[in-house]
Structure formats: C-alpha cells, structure tokens
Amino acid sequence: MDVAFTYDNGYKVFEDVSLTADENKFVAIIGPSGVGKSTLLRILGGFLKPFAGEVKLLGRTITRPTPKIALVHQSIVTFPWMTALENVMLAMKPKRIPKEEALKTAKKALELVGLSGFENLYPKEMSGGMRQRVAIARALAAEPLVLLMDEPFSHLDELTAEGLRHEIYNILFAEESPLKSVIMVSHNLTEVVELADVVYVLNGSPAKVVGKIEIDIPRPRNPQNQKFNEYLDTFYNLLTPIKVRKRE
Ligand code: ADP
C-alpha cells in the first residue's frame, strides 16, 4: 500500500507512506505517540479511506472491512456475558457457516492460543492475559489472511505480556493457521525487536517512513544479545531527533 491521510478537521497525519507485508512476515510499525500508527492500521483494515493511494491485498484494492483482514485492538474486547467459546464463535457469525463447523473452528482457535479446557469460562473468571488470548483466538477463528494488532500487549502486566509475546509468533504462524502476514503497531521497541521480521519507523508531522529495517536475528531472540541491542539503538536514533525538535 501507498497512502496519504488527512482527518476531516484538515489535520494531515501522513503522506506518501508506503508499506508492504510479504507472506509469512511479521511486520511492526513504530513511531512516537500521535504519529499516526493507529490511523494507518485502520486504513490497512479498510475501516478508514485513505485520502490518496490505496491498500491492496493479493492485488485487490481494499475499500472496506473484510473477513480476510482481522484487527486485534489495544483494549481487550471480550463480551462479559459470553463464555470464551461464545466470544470466539462471534467471529464466524458473518460467515453463516453451520454451527457444528463454527464450533470446531472456535475450539481449534482456542487450542491454538493455549486455552483448551477453558472454553466455558466467562471473562470475569479469566486473567487479562487469558482475555487477550480469547481476543486473538476470535481474530484467528475468522481465518484471516492478515492480522492487524494495535499494541496487543500494552494493557497486560509485564509478566503476562512477556509470556504471551514468547508464544505469539508460533501461534500466528502455526502450520494449521491460514494467516499470511501480521502487522503490529507498538511503541515498545524491545517487543518489536523480539517479534518482527520487518520494522517500519514513522516519524515527523505529517509522518513519513523514516526507516525500514529487517531484523536478522534467529528466534527465539534474547534481549541480552549484542545484535538485539544494536537494533534498539538504531530505532532510538530514528525516533529521537524529531522528538527533540518538537520540544524546542
Ligand atoms: P498513534 O497511534 O501513532 O498514537 P493516531 O493514529 O492515534 O496516532 O493519531 C494520529 C494523529 O491524528 C494524532 O495527532 C491524533 O490527534 C489525530 N487524530 C486521531 N483521530 C482523529 C480524528 N478522528 N480526527 C482528527 N484527528 C485525529
């Protein structure tokens, strides 16, 4: 995709932002707060129309939300009156598939995120980490090709976030998952170096892509590793100068 976006009030969030998510790639978008990361993600999902440019999925232009692209929000969205299984089943509603099949897919998605045996729990009986797993299972149950994640770990306590981060890559790219690409917005640089294959750095106002960096460290990645820290330095350098300029 290659897009520009201006809000109705005339605020030009970004221009000429071009991003590609190849097959089996975990893409991360980082940038200072307010730079336009969430806006970009909503454009990628077809929820917002770009002012210029277009979003393409396998050669087709995306103009509205599609089941082929799922979004996991920052805040954990589960319905308190529904069990884990019912929450995941919701994803299949628009598809109108037979209940038996929907049940099977939902159970498989819960298994994938490590929640087998917890199908009948209600959100209030679960930890924050479990609820976020339910939200991810719901996104995966729709069998999307692309998963968009907006700060998926930011509302979890650090230990829970770390546990889920360790597993997420294998969950998303498991052999039985039809998922082709993941695009995650994050402000947590360590998380990004731990997970991403490719990182797009946004900065400035209007925002531009100021860096596209491939992370070439074998998995699992260790934050103590020297190369890991070199990537962190690279990102700090790409993010800092414009932040400082803004404060002047
Ligand atoms: P980020 O996710 O990087 O923190 P956002 O995409 O949420 O940034 O917001 C980018 C910019 O657009 C911010 O300056 C924000 O104030 C502005 N913005 C967000 N939503 C709207 C809206 N509905 N109308 C006008 N401006 C908005």
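Structure's up top.
What counts as what
Each chain carries its own residue numbering, running from 1 in the direction its sequence is written. In keeping with the model being predicted, local features are shown solely for residues with a pLDDT of at least 70 and side-chain atom pairs are shown and tallied solely at 80 or more, while totals for entire chains, interfaces and linings include all residues. Side-chain metrics in this entry use all non-hydrogen atoms of the structure; hydrogen atoms and water are not considered. By definition, two strands form a pair when at least two bridges between them are found by DSSP. Segments assigned H or I by DSSP are reported as helices when at least four residues long, segments assigned E as strands when at least two residues long, and all are numbered from the N terminus. To obtain an axis, a line is fitted to C-alpha atoms, over the contacting stretch when the element is a helix, and the angle between two such axes runs from 0 to 180 degrees between their N-to-C directions. We define a salt bridge as a contact between a side-chain nitrogen of Lys or Arg and a carboxyl oxygen of Asp or Glu at a distance within 4 Å. Contacts were defined at the residue level, with two residues in contact if any of their heavy atoms lie within 4.5 Å. Proximity criterion: a residue is near a molecule or strand once any of its heavy atoms comes within 4 Å of it. Definition of a polar contact: a pair of N or O atoms within 3.5 Å, with one able to donate and the other able to accept a hydrogen when the atoms are protein atoms, and with sequence-neighbouring residues admitted only if both atoms are side-chain atoms. Each accessible area is a Shrake-Rupley result for a 1.4 Å probe, and residues are judged covered by the shown protein chains and nothing else. Three classes are used, and their members are as follows: Ala, Val, Leu, Ile, Met, Phe, Trp, Tyr, Cys and Pro are nonpolar, Asp, Glu, Lys and Arg are charged, and the others, Gly among them, are polar. The classification of residues rests on relative accessible area computed with a 1.4 Å probe and restricted to protein chains. Under 20% of the type maximum is buried, over 50% is exposed, and intermediate values are partly exposed. When an angle is under 35 degrees it counts as roughly parallel; over 145 it counts as roughly antiparallel; between 65 and 115 it counts as roughly perpendicular; any other value is oblique. Crossings are sorted by hand: turned counterclockwise from the far helix by less than a right angle, the near helix makes the crossing left-handed, and turned clockwise it makes it right-handed. Only centres within 6.5 Å qualify two rings of Phe, Tyr or Trp (six-membered ring in Trp) as a pair; their planes then separate them into stacked at under 30 degrees, edge-to-face at over 60, and tilted for everything else.

Caption draft 1: Fine view of the sheet that holds strand E1 (residues 2-6). Spatial ordering of the open sheet is given by E2-E1-E4, a layout of three strands whose pairing is antiparallel. Edge positions in the sheet fall to strand E2 (12-18) and strand E4 (52-54), since each of these pairs with one other strand and no more. Neighbour-to-neighbour, the strand axes of this sheet turn through a mean angle of 25°, independent of strand direction. Sheet analysis places E1 next to E2, joined by four bridges and oriented antiparallel. What sits directly across from Val3, in E2, is Val17.

Caption draft 2: The pattern of salt bridges, seen in detail. On inspection of all chains with the given rule, the structure shows nine salt bridges. Residue Arg165 is joined to Glu158 by a salt bridge in which the shortest nitrogen-to-oxygen separation is 2.8 Å. A salt bridge links Glu191 to Arg165; the shortest N-O distance between them is 3.0 Å. Taken as a pair, Glu191 in helix H6 (residues 189-195) and Arg165 in helix H5 (residues 158-172) lie far apart in primary sequence, 26 residues in all. A single salt-bridge network, built from bridges that share partners, covers Glu158, Arg165, Glu191 and Glu194.

Caption draft 3: Broad picture of the sheet that holds strand E7 (residues 69-72). Here six strands make up an open sheet; going across it, the order is E7-E8-E9-E3-E10-E11 and the pairing mixed. Since the sheet does not close on itself, it has two edges, and those belong to E7 and strand E11 (208-214), each with one partner. Each neighbouring strand pair of the sheet contributes to a mean axis angle of 20°, computed without reference to strand direction. Pairing between strand E8 (residues 146-150) and strand E9 (residues 181-185): five bridges, direction parallel. Bridging across to E9, Leu148 finds its partner in Ile183. Of the strands in this sheet, E7 and E8 are in contact with helix H4 (residues 128-141), which crosses E7 at around 170°.

Caption draft 4: Representation of the site of the ligand within the structure. Around the ligand, a shell composed of Tyr7, Asn9, Tyr11, Val13, Pro32, Ser33, Gly34, Val35, Gly36, Lys37, Ser38 and Thr39 is seen. Within the contact set of the ligand, an oxygen atom lies 2.9 Å away from a backbone nitrogen or oxygen of Gly36. Alone, the ligand offers 570 Å² of accessible surface; in the complex the protein occludes 62% of this. Among the residues making up the shell around the ligand, the classes are represented as five nonpolar, six polar and one charged.

Caption draft 5: Region of the structure containing the pairing of strand E10 (residues 198-203). Buried residues dominate E10, accounting for six of its six residues. Every second residue of E10 is oriented toward a common face, with Val198, Tyr200 and Leu202 on one face and Val199, Val201 and Asn203 on the other, all of them buried. In the sheet, strand E3 (residues 25-30) pairs with E10 via four bridges, with the strands oriented parallel. Within E10, the residue paired with Val27 across the bridge is Val198. Sheet topology note: the E10/E11 ladder contains six bridges and is antiparallel. Counterpart to Tyr200 in the pairing with E11 is Lys212. Taking the residues that link successive antiparallel strands as the turn, the E10-E11 hairpin has four residues, and the phi of Gly204 there is positive, at about 95°.

Caption draft 6: Representation of the packing of H4 against H5. The interhelical angle for the contact between H4 and H5, taken along N-to-C directions, is 20°, at an axis separation of 11 Å. The angle between H4 and H5 places the two elements in the roughly parallel class. For H4 against H5, the interelement crossing comes out right-handed. Across the interface between the two elements, Gly129, Gln132, Arg133, Ile136 and Leu140 from H4 touch Thr160, Leu164, Glu167, Ile168, Ile171 and Leu172 from H5. Taken together, the residues that form the contact of H4 with H5 break down as six nonpolar, three polar and two charged.

Caption draft 7: Structural view of the packing of aromatic side chains. A complete count under the given rule lists five aromatic pairs for this structure. Taken together, a centroid distance of 6.1 Å and an interplanar angle of 20° make the contact between Phe26 and Tyr169 stacked. Of the two residues, Phe26 sits in strand E3 while Tyr169 sits in helix H5, which places them 143 residues apart along the sequence. Note on Tyr169: relative accessible area 15%, which makes it buried. A connected cluster of aromatic rings, assembled from ring pairs, spans Phe5, Tyr7 and Phe14.

Keep in mind these values describe shape, not function.
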